[in-house]
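Residue strings, one per chain:
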Amino acid sequence: MRKFTQLNFLAICFLGFSCSTKTTEQIPILDLKDLIVDTLYLEKDTLTKNLGSHFSFYETDSGKILATYLNHQLLVYSYPEGKLLKRQTFEKEGPDGIGSFITGNFIDKNSIYFLSQQKELIQSDLNGNVLERWDLPAVTSERKYANYSSYLYNNLQKSGNELYFVDIPFVFQDGFENYDKWGMVFNTETDSFSNYHFLYPQSITEYTQDDQLGLFSHVFNPKSNEHLIGFSISDSIAIVKNGKQSWKWAGTTSPLEFKKGETIPSGQYTVFQPNHESSKYEGLDLDTYAKKIIRWVRLKGPNKDYPDRQEYRLLVFDQEFNPEAEIKFNIDELAKFGFNTPKGYALSLYTKTTDDIVAYAVIDFSKINNAKTETK
């Protein structure tokens, strides 16, 4: 069950957590379609079902570029025309091999970084040539195992000479409550790894072994020099800056119910079955165009009576975490996660995607202040 009751909320405020004073009546409820300002079309072949939602934007001497890594290929597109300019295949083995299991990547105009096999950080140029390899830090007995992954929209990020990524537990186990080395930093000048530290909220102890409710999402805000961490079970977001962790409320005004899964027999084995009906907070990101913080939440999932139910909201905050809107959308029409473009935040638009193109709806969150809304 959701833990942030009226009493708990007041207690958190007194304990030093930063709590929003904005009332629910002030938060508009919008439809995401009303904020679409453009549609971006990118070419694809008939063998590619989709291009995903992880693109890097950068400018070169010859023009503006969108680039993504997909199935051991780097795809480079002209922006905004969406023409495929380059398709570069990366080897899995050999001197320029990056491995068969890639859990994350970061692309800039000169190179691409890979998290490979849960063992290496690899830097390659954009022509498939490996430039450097670094062994990832050894796993301590306190952590037991590592999971360096971009899962749940934890993209690798780079700011200055630092590359940021995270170690997400497959499940949160008993004994991890005081572990705080979830954040990873790689310094590209000194070739050294270090950590940024944060703790899970105390309520995580009710959801150990749950492979859905023990997750988190991370984004780095270079403007404020803050790491923002959103947990699946928490209305509040952890903020890490200068080695200190604080909290700010960044939740939905809608009721949530966090339902832990259960352990069930499956043939000769016993497996943990998550409760897909449960509420949960999912991705967290920054919109660099409108300068907003955005967060996805699943209000309700499917159950036996409503097997097709999927009720989501996209929460929008300003840079100080003041809530600006809660946005309704249909995940059968629009993707949950997206990427930044010069015109706004782009989400896969399934209704206009064909065998030849992938369509992306470009969202302008700055239109929130002028939109006609209902309030809650």
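The structure under discussion appears in the preceding block.
The model shown is predicted, which means the values in this text are computed figures rather than measured ones. (Residues numbered from 1 in each chain as written. Predicted model: local features only at pLDDT ≥ 70, side-chain atom pairs only at ≥ 80, totals over all residues. Heavy atoms only, no water.)

Draft legend 1. Just the packing of aromatic side chains, in detail. Tallied over the full model, the rule gives 34 aromatic pairs. Ring centres 4.8 Å apart and planes at 40 degrees place the aromatic pair phenylalanine 55 and phenylalanine 339 in the tilted group. Residue phenylalanine 55 is located in the loop between β2 (36–43) and β3 (56–60), and its partner phenylalanine 339 is located in strand β25 (residues 334–341); the two are separated by 284 residues in the primary sequence. By relative accessible area, which is 2% here, phenylalanine 339 ends up buried. The interplanar angle of 65 degrees and the centroid separation of 6.3 Å between the aromatic rings of phenylalanine 198 and phenylalanine 231 together place this pair among those described as edge-to-face. Of this pair, phenylalanine 198 sits in the loop between β14 (192–196) and β15 (216–221) while phenylalanine 231 is found in strand β16 (residues 226–231), placing the two residues 33 residues apart along the sequence. Each of the two residues, phenylalanine 198 as well as phenylalanine 231, counts as buried. Clustering of aromatic rings is evident, with ring pairs tying together Tyr164, Phe172, Phe176, Tyr179, Trp182, Tyr196, Phe198, Tyr200, Phe216, Phe220, Phe231 and Trp247. The positively charged end of arginine 295 is found above the aromatic ring belonging to tyrosine 281, 3.8 Å away from the centroid. (Phe/Tyr/Trp six-rings, centres within 6.5 Å; stacked < 30°, edge-to-face > 60°. Helix = DSSP H or I, 4+ residues; strand = E, 2+ residues; numbered from the N terminus. Buried < 20%, exposed > 50% of the residue type's maximum accessible area, 1.4 Å probe, protein only. Lys NZ or Arg CZ within 6 Å of the ring centre and 35° of its normal.)

Draft legend 2. Broad picture of unusual backbone geometry. Here the residue pair tyrosine 79 and proline 80 is connected by a cis peptide bond, since its omega of 5 degrees sits within 30 degrees of zero. One non-glycine residue with positive phi stands out, namely lysine 144, at about 80 degrees. Mapped onto the elements of the fold, lysine 144 is located in the loop between β10 (130–135) and β11 (157–159). Of note in this structure, asparagine 225 is not a glycine but carries a positive phi near 60 degrees. Here asparagine 225 lies in the loop between β15 and β16.

Just geometry here; none of it tells us what the structure is for.
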